[in-house]
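# Breakdown of the fold
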Amino acid sequence: MPSPSALLLLLLGLAGATTTASAAAVDLRTAAAMAAGLCKTRPTDIVFIIDSSRSVRPAEFEQVKVFLAKVIEGLDVGPNATRVGVVNYASRVKNEVSLKTHRTKAGLVKAVTKIEPLSTGTMTGLSIQFAMNVAFSESEGARVKSPDISKVAIIVTDGRPQDNVKDVAQRARDAGIEIFAIGVGRVDMSTLRQMASDPLDDHVDYVESYSVIEKLTKKFQEAFCVSDLCATGDHDCEQVCISSPGSYKCACKDGFTLMADGRSCSACSNTATDVVFLIDGSKSVRPENFELVKKWINQIIDKLDVADSRAHVGLVQYSSGVREEFPLGRFNNKKDLKDAVKKMAYMEKGTMTGQALRYITDNSFSHGHGARPGVAKVGIVFTDGRSQDYIGDAAKKAKEMGYKMYAVGVGNAVEDELKEIASEPTGEHYFYTADFKAMTQIAKKLQINVCPDDDPCECDSLVKFQKKVEEALQALTKKLESMSKRIALLENKIV
């Protein structure tokens with residue numbers, strides 16, 4: 001029978017796999033959220049700034065109005081939710097729909113259908129200035145500037161402006177207005193980039209003609225869609241998810257502690273731990289993969305509760321020889337640790353894993369190299385190939401000294417050697433992948449928290465374990481059922 005911790009890791013792995021599958025289907029989740037009514041828009045003041053210069057034909061202007069109406073249909077319109085205004089411009093500017101005028105979708109859409117083109121020049125800069133001074137003013141219904149209220153301008157234009165837009169757009173952005181720029185046909189793309197907010201890839205759009213502008217509808221509906229991320233399952237909380245507008249935070253059940261990664265929970269206290277990484281720097285790793293290894297180390301550091309009285313981290317690199325990059329206790333915060341890892345230079349020689357294992361038993365975990373007496377010791381060995389020396393005695397000694405040893409192999413690593421290095425139960429302490437790029441998944445699975453072992457003969461321990469398993473199964477089942485319902489809703493909507 002698998003050990004309790006193995007079963008728990010299996011359950012958490014299944015939940016993690018579900019989360020990974022969900023992460024690969026962002027569009028599906030968003031659409032399902034909208035179909036299920038889980039999508040709301042955060043309080044936002046949105047002003048559409050639409051070009052109706054003479055280059056925009058009447059039929060094309062009608063298509064712009066259809067686009068506006070469809071975007072509005074996807075918004076959560078209301079006095080305390082999203083308010084919408086429309087500014088029409090050519091050589092002059094006209095405030096067609098004020099933020100304070102219409103509080104319902106029906107009223108807004110009806111007002112949009114009545115807008116007529118001005119059919120003169122293209123004073124885009126003037127329209128942005130007008131929006132900033134008038135459309136987004138409190139007298140026109142804009143709300144007081146607040147971190148909880150977003151202000152968004154969506155500009156639609158098909159030509160080159162006859163005035164300056166760069167400076168006025170910068171002032172608008174500095175005033176807290178997020179600007180989306182949509183260009184049509186022969187629009188000047190550099191002008192769009194001067195107007196739009198960063199990142200430009202998210203805020204600049206182009207369509208070849210007004211006849212296809214509707215294809216941008218979904219983008220803007222999703223841009224303002226704020227899902228209840230806990231309800232949709234689009235989160236990675238291990239136990240409890242607490243929603244907030246467009247975001248969430250994780251929490252733990254009674255008796256558990258939220259870890260430094262902000263998502264996982266530990267049933268044991270954050271006890272002091274000395275962790276030493278033993279990293280293969282042989283030539284077979286190759287420089288580009290060595291950079292991936294360094295990122296992997298920092299991924300694991302992110303999961304640790306690094307502090308003077310908590311987790312200390314040391315780093316040793318080996319190839320034909322052994323080099324201590326930094327000892328335990330030299331850095332007691334994550335930033336300094338991660339910076340030091342990034343600076344590690346690649347040794348690029350042989351693979352003397354046995355010699356490296358002897359180094360951590362004789363040196364790394366000694367008082368002279370920063371190890372603390374009475375503190376749990378964890379060794380994490382990484383290698384990408386067969387050792388060129390004998391590892392048996394050194395691997396055995398490390399475990400006999402009470403060190404918890406993890407073995408991680410990539411590519412040509414020999415699984416029998418990994419198992420020989422790893423602590424018992426071996427299945428929980430050794431990991432292998434054929435591809436360096438898949439190391440991220442290993443970092444997620446690797447659990448370093450050191451907890452006192454429960455006595456399996458004690459009834460209380462068995463009851464606690466059974467309760468943990470039942471809770472994990474219930475949470476996983478609930479998550480799968482929720483996802484199935486959302487997919488079914490989406491399928492029904494599509495049909």
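Report on the accompanying structure. Computed from a predicted model, the values in this text were never measured in an experiment. (Residues numbered from 1 in each chain as written. Predicted model: local features only at pLDDT ≥ 70, side-chain atom pairs only at ≥ 80, totals over all residues. Heavy atoms only, no water.)

Contact geometry of helix α11 (residues 287–303) with helix α12 (residues 334–342) gives a least axis separation of 9 Å together with a crossing angle of 165°. The pairing of α11 with α12 is recorded here as roughly antiparallel in orientation. Considering the relative orientation of α11 and α12, their crossing is right-handed. Contact with α11, carried on its side by K294, I297, N298, I301 and D302, involves K334, L337, K338, V341 and K342 of α12 and no other residues of that element. Tallied by class, residues from the contact of α11 with α12 come to 4 nonpolar, 1 polar and 5 charged. (Axes fitted to C-alpha atoms, helices over the stretch in contact; angles between N-to-C directions. Helix = DSSP H or I, 4+ residues; strand = E, 2+ residues; numbered from the N terminus. Parallel < 35°, antiparallel > 145°, perpendicular 65-115°, else oblique. Left-handed = near helix turned anticlockwise from the far one by under 90°. Contact = heavy atoms within 4.5 Å. Nonpolar A, V, L, I, M, F, W, Y, C, P; charged D, E, K, R; others polar.)

We now examine the pattern of salt bridges. Under the criterion given, the structure shown has 20 salt bridges. In this structure, D305 and R310 form a salt bridge, with 2.5 Å as the shortest nitrogen-oxygen distance. The class of D305 is partly exposed, set by a relative accessible area of 23%. The class of R310 is partly exposed, set by a relative accessible area of 30%. (Salt bridge = Lys/Arg side-chain N within 4 Å of Asp/Glu carboxyl O. Buried < 20%, exposed > 50% of the residue type's maximum accessible area, 1.4 Å probe, protein only.)

A separate point is the pairing of strand β2 (residues 44–51). Burial of β2 is extensive: 8 of the 8 residues sit out of reach of the surface. Going residue by residue along β2, you find T44, I46, F48 and I50 tucked away on one face and D45, V47, I49 and D51 tucked away on the opposite face as well. Pairing analysis gives 8 bridges linking β2 to strand β3 (residues 82–89), with the strands arranged parallel. When the bridges of β3 are listed, F48 appears paired with V86. In this region the chain leaves β2, passes through helix α3 (residues 58–73) and returns to the parallel neighbour β3; the handedness of that crossover is right-handed. (Pairing = 2+ DSSP bridges. Right-handed = clockwise from strand over helix to strand, strands pointing away.)

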